Amino acid sequence: MTARLEALTRPGPDGDYRKPSPQRRFGFGLAVVGLLGAAVALIGNLVAAGSLEDAAEIAPWTFGLTTLSFATIKLAIAAILIGILHRWWLRVESVKMSLAVLRPGGQAPAPTPGPVATPWGEATESTSVPSPLPIHTMARRMWAPMLAMGAMAVGAGFVVSVVWSGDPGSQTAAAWTQGLQFLGEGLLLGGIAFLLGSILASLRDGGGVVQHSLGLPVRTLVMPVTAKLFVGIMMLGLVVSVAQFVFYLVAAGGD
C-alpha cells in the first residue's frame, strides 16, 4: 500500500513531464460534481422555503447533500494537491539534470555540519539529504487513510439523511446524520492538511536531493514555529471532530 501511494505522488526517474496531469483532470471533474450537488441542494432548499409543509421532509436530505457536496469539493482539492506532489518530483529531476550541466568546475565548499545562519533563516548543514521529520513521515502515511475515512463518513451520513427525510421527527437519524457528516468533514480537512505537510516534506527533501546531486553541502531550513503551531491546531481540530461525534452518539442513544 505504501509503495502504491509513493508511486501516486512521486514518479519514477523516467517520468515524462510533458504528459498532462491525470490528478488535475480528476480533481476538476470532482469539483464540477460537487458544485452540481450543491446546486441541487440549493434548489431543494428553495422549494422547501416556498412550501413549509414539505420543508420537514426536504431539509434533511438537502442538508446531507450540501455536506456531501462540500466533501466532494474537498476531495477535488486533495486530488489536485496529489498532482502538485507528482509534478514537483518531475521538476526536481529536471533541475538536477540542468544544474549538473550549468555548474562550473572547481572544488565544492567543504561542509560544516551543524546549525548555520542563512539569509532565509536558521538552517542545518549536513553531508547528505536529512531524514524526514516525524511529522512529515506521519503526513505521508496518513493523508490517504484520513481522506478515505472522511469520504466514507460523509457518504454514510448522506444515506442516513435520506432515512431522516422519511421520518423527520427522528432525533436518532438527525444525530447520526450530523455526527457522521461533521466527523467526515473534519477527517477530510485533516487529510488535506497532511497532504500539505507532504508537499512541504517534498520541498525539503527535493532541495536536499538537488544540493547533494551537485556535491554541495546540504542546507535544510529549520522547521518554523508557525508550522509547529499548524500541526498542533490541526490535531486539536481532529480531537474536537471526534468529540462532537461522541456527543451526537450520546444524543442518538437518548432518543
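As shown above, the structure is provided for reference.
Residues numbered from 1 in each chain as written. Predicted model: local features only at pLDDT ≥ 70, side-chain atom pairs only at ≥ 80, totals over all residues. Heavy atoms only, no water.

Engineer: How should helix H4 (residues 134–166) be read in this particular structure?
Structural biologist: Counting along an α-helix, one turn takes 3.6 residues, and residues three or four places apart therefore face a common direction. Here H4 spans 48 Å end to end across 33 residues, near enough to the 48 Å set by a 1.5 Å rise per residue. If you look at H4, its biggest bend is around 40°, right at Met142, and the proline Pro145 turns up within four residues after that. (Helix = DSSP H or I, 4+ residues; strand = E, 2+ residues; numbered from the N terminus. Expected span 1.5 Å × (residues − 1). Bend = angle between axes of the 7 residues up to and from the residue.)

Engineer: Help me out: how do you make sense of the packing of aromatic side chains in this one?
Structural biologist: The geometry of an aromatic ring pair comes down to the distance between the two centres and the angle between the two planes. Taken as a whole and judged by the stated rule, the model has three aromatic pairs. Ring centres 6.2 Å apart and planes at 75° place the aromatic pair Trp176 and Phe245 in the edge-to-face group. With Trp176 in helix H5 (residues 171–213) and Phe245 in helix H6 (residues 225–253), this residue pair connects regions lying 69 residues apart in the sequence. The class of Trp176 is partly exposed, set by a relative accessible area of 35%. Look at Phe245 and you get buried, because its relative accessible area is 16%. With centroids separated by 6.4 Å and ring planes inclined at 45°, the aromatic side chains of Phe182 and Tyr248 adopt a geometry described as tilted. Taken as a pair, Phe182 in helix H5 and Tyr248 in helix H6 lie far apart in primary sequence, 66 residues in all. A relative accessible area of 34% means that Phe182 is categorised as partly exposed. Classification of Tyr248 as partly exposed rests on a relative accessible area of 23%. Every member of this aromatic cluster is reached through a ring pair, and the members are Phe63, Phe182 and Tyr248. (Phe/Tyr/Trp six-rings, centres within 6.5 Å; stacked < 30°, edge-to-face > 60°. Buried < 20%, exposed > 50% of the residue type's maximum accessible area, 1.4 Å probe, protein only.)

Engineer: Honestly, the sheet that holds strand E3 (residues 218–221) in this entry has me stumped. Any pointers?
Structural biologist: Sheet strands pair by backbone hydrogen bonding; their relative direction is either parallel or antiparallel. Spatially, E1-E2-E3 is the arrangement adopted by the three strands of the open sheet, whose pairing is antiparallel. Single-partner strands in this sheet number two, and they are strand E1 (114–118) and E3. Sheet twist, expressed as the average angle between the axes of neighbouring strands with direction ignored, equals 40°. Relative to E3, strand E2 (residues 121–126) runs antiparallel, the two being bridged by four bridges. When the bridges of E3 are listed, Ser126 appears paired with Val218. (Pairing = 2+ DSSP bridges. Axes fitted to C-alpha atoms, helices over the stretch in contact; angles between N-to-C directions.)

Engineer: Help me understand the packing of H5 against H6 in this model?
Structural biologist: The packing of two helices is summarised by the inter-axis angle and the distance between the axes. Axis separation between H5 and H6 bottoms out at 8 Å; the angle between their running directions is 165°. Relative to H6, H5 is oriented roughly antiparallel. Pair H5 / H6 crosses with left-handed handedness. Across the contact of H5 with H6, the residue classes break down as 18 nonpolar, seven polar and no charged. (Parallel < 35°, antiparallel > 145°, perpendicular 65-115°, else oblique. Left-handed = near helix turned anticlockwise from the far one by under 90°. Nonpolar A, V, L, I, M, F, W, Y, C, P; charged D, E, K, R; others polar.)

Engineer: Just to check I follow, could you spell out helix H2 (residues 22–50) for this structure?
Structural biologist: The end-to-end C-alpha separation of H2 is 43 Å, in line with the 42 Å expected for 29 residues at 1.5 Å each. Every buried residue belonging to H2 is among Gln23, Gly27, Leu30, Gly34, Gly37, Ala41, Gly44 and Ala48, and all of these are buried.

Engineer: Can you walk me through the pattern of salt bridges in this structure?
Structural biologist: Pairing between side chains becomes possible if they bear opposite charge and their charged atoms approach one another. Applying the stated criterion across every chain, the model contains three salt bridges. Close ionic contact of Glu185 with Lys74 constitutes a salt bridge, the shortest N to O distance being 2.7 Å. Highlighted residues: Glu185 in helix H5 and Lys74 in helix H3 (residues 52–102), separated in sequence by 111 residues. Under the relative-accessibility criterion, Glu185 is labelled buried at 11%. Of the charged contacts, one joins Arg140 and Asp205 as a salt bridge, the two residues approaching to 2.7 Å between their closest N and O atoms. Note that Arg140 is positioned in helix H4 and Asp205 in helix H5, a separation of 65 residues in sequence. (Salt bridge = Lys/Arg side-chain N within 4 Å of Asp/Glu carboxyl O.)

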